[in-house]
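So the chains spell out like this:
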Amino acid sequence: MAPYASDDTRGTAPDENPRSGRRKAVRYVVPVAVTGVAAATIGLVPALADSGDPDLPKISAQQLVEKIARSDVQQLSGTVKISTDLGLPDLGGLESSLGSGSGGHDGGSSADPSSKVTELASGTHTLRVAADGPDKQKLSLRERGAEYSLIHDGKDVWGYDSASNEVFHGTAEQHEHGKQREDERQGTPQDFAKNALKAVDDTTSVTVAGTERVAGRDAYKLQIKPKQQGSTVGAVTIAVDAKTGTPLKFTLTAKSGGKPVVDTGFTQVSFAKPPASTFDFTPPKGAKVTEEKDSGKREHAAGPGALFGGAAQGGKTIGKGWTSVATFDTGAKGGMPSGSAGGFLGSLGDQVSGDFGKGTVFSTRLVNALITDDGKVYAGAVTKQTLLKTANAEH
């Protein structure tokens with residue numbers, strides 16, 4: 001085991017703008033709507049068989065956080081493997097019956113990034129990623145013989161689904177409008193690390209937990225743990241490239257144990273400038289092209305940032321740190337929808353009551369959510385007991 005220093009860092013969030021390092025480090029990452037992350041293996045490059053902990057100079061937790069903040073890597077390419085196990089039930093095809101077919105949801109384009117959210121909620125994905133500064137990024141995902149690509153090239157943002165031969169086109173200005181757009185850009189270890197570091201405050205323990213090899217590179221392991229009781233999060237571990245300060249791997253475990261809830265990391269990475277042609281895109285002949293401005297009202301799914309204290313759009317956050325709960329009012333009275341779909345969904349949850357009235361709690365390994373009969377939603381990476389206590393306190 002390599003030598004390292006272990007700190008219990010309180011209130012040690014990275015400087016928001018140390019020579020613009022953090023902003024540069026996080027802005028180049030590939031924009032993609034991913035809530036849970038996961039799905040089927042692309043079979044590109046297998047995980048490298050690294051073994052042994054590298055012998056690296058000692059570093060404190062604060063120094064390692066600052067190293068991430070100073071990272072100015074803007075050019076890279078590689079392969080990222082993402083596995084997610086939220087403990088979601090098998091819906092047995094219900095998703096398809098509710099309209100998430102190849103044409104996208106609500107009649108939208110299957111090339112719209114938001115249409116990929118439900119597909120990425122469990123299992124394992126392998127992605128090809130490339131970036132050349134804040135204006136050029138690309139992500140490619142292949143499954144079931146088809147490929148989905150998301151390309152940002154200057155002012156243009158393109159999504160292409162080869163299975164349906166559909167193209168989704170927007171502009172960088174549209175995709176950068178508001179904080180929600182920024183939060184949708186989840187997928188690489190850098191994205192997850194950025195959101196995890198937002199949680200670093202006096203409710204959090206931050207230590208250096210040794211070293212490891214990731215994608216053939218030496219890395220320090222930064223470990224983040226909640227101090228508060230009532231959180232379902234066990235720990236967040238970020239493998240940080242010893243040379244560049246780039247997060248190479250992100251692992252989120254549940255307090256209940258078992259395999260990681262989210263485990264995403266590079267299996268291959270290069271910090272060389274990708275060829276300019278990597279980011280070229282022209283809609284294929286015969287492809288159906290949907291312009292973002294014509295796609296109607298879009299649903300914004302909460303990204304992993306919501307696990308670290310982010311409120312749903314139009315809602316608010318109750319509490320502090322790891323036991324914070326996001327809440328919003330759907331405006332729908334009467335609880336679960338009627339009919340077979342509503343009955344099926346209701347059977348997946350637990351019927352509860354309290355000062356808030358009656359409702360249904362839906363649980364995963366990490367997130368608990370309460371939908372009350374008067375249309376309010378409470379959700380967070382908190383235990384069921386903490387969630388109900390928070391809902392009661394609001395009434």
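In the block above lies the structure referred to throughout.
Described below are features of the structure shown in this document. (Residues numbered from 1 in each chain as written. Predicted model: local features only at pLDDT ≥ 70, side-chain atom pairs only at ≥ 80, totals over all residues. Heavy atoms only, no water.)

Helical periodicity: at 3.6 residues per turn, an α-helix aligns residues three or four positions apart in one direction. Counted residue by residue, helix α6 (residues 189–197) has nine buried out of nine residues, so it is predominantly covered. For α6, the full list of buried residues reads Pro 189, Gln 190, Asp 191, Phe 192, Ala 193, Lys 194, Asn 195, Ala 196 and Leu 197. (Buried < 20%, exposed > 50% of the residue type's maximum accessible area, 1.4 Å probe, protein only. Helix = DSSP H or I, 4+ residues; strand = E, 2+ residues; numbered from the N terminus.)

A full pass over the atoms with the stated rule returns two aromatic pairs. When the centroid spacing of 5.3 Å and the interplanar angle of 45 degrees are considered together, the rings of Trp 158 and Phe 281 count as tilted. Here Trp 158 is found in strand β5 (residues 156–161), whereas its partner Phe 281 is found in the loop between β11 (262–270) and β12 (288–291), with 123 residues between them in sequence. Between the aromatic rings of Tyr 160 and Phe 281, the centroid separation amounts to 5.9 Å while the plane-to-plane angle is 45 degrees, which identifies the pairing as tilted. In this pair, Tyr 160 sits in strand β5 while Phe 281 sits in the loop between β11 and β12, placing the two residues 121 residues apart along the sequence. Members of the aromatic cluster, each reached through a chain of ring pairs, are Trp 158, Tyr 160 and Phe 281. (Phe/Tyr/Trp six-rings, centres within 6.5 Å; stacked < 30°, edge-to-face > 60°.)

On to the pattern of salt bridges, then. One pass over the full model with this rule turns up 13 salt bridges. Asp 85 is paired through a salt bridge with Arg 365; the nearest N and O atoms lie 3.4 Å apart. With a gap of 280 residues between them, Asp 85 in the loop between β1 (75–84) and α3 (94–97) and Arg 365 in the loop between β16 (357–363) and β17 (368–372) connect regions that are remote in the sequence. Of the residues examined, Asp 85 reaches a relative accessible area of 23% and is grouped as partly exposed. Asp 350 is paired through a salt bridge with Lys 384; the nearest N and O atoms lie 3.4 Å apart. Taken as a pair, Asp 350 in strand β15 (residues 350–354) and Lys 384 in helix α8 (residues 384–393) lie far apart in primary sequence, 34 residues in all. Asp 350 sits in the partly exposed class, given a relative accessible area of 38%. Judged by relative accessible area, Lys 384 falls into the partly exposed class, the value being 27%. (Salt bridge = Lys/Arg side-chain N within 4 Å of Asp/Glu carboxyl O.)

So yeah, pure geometry; function would need other evidence.
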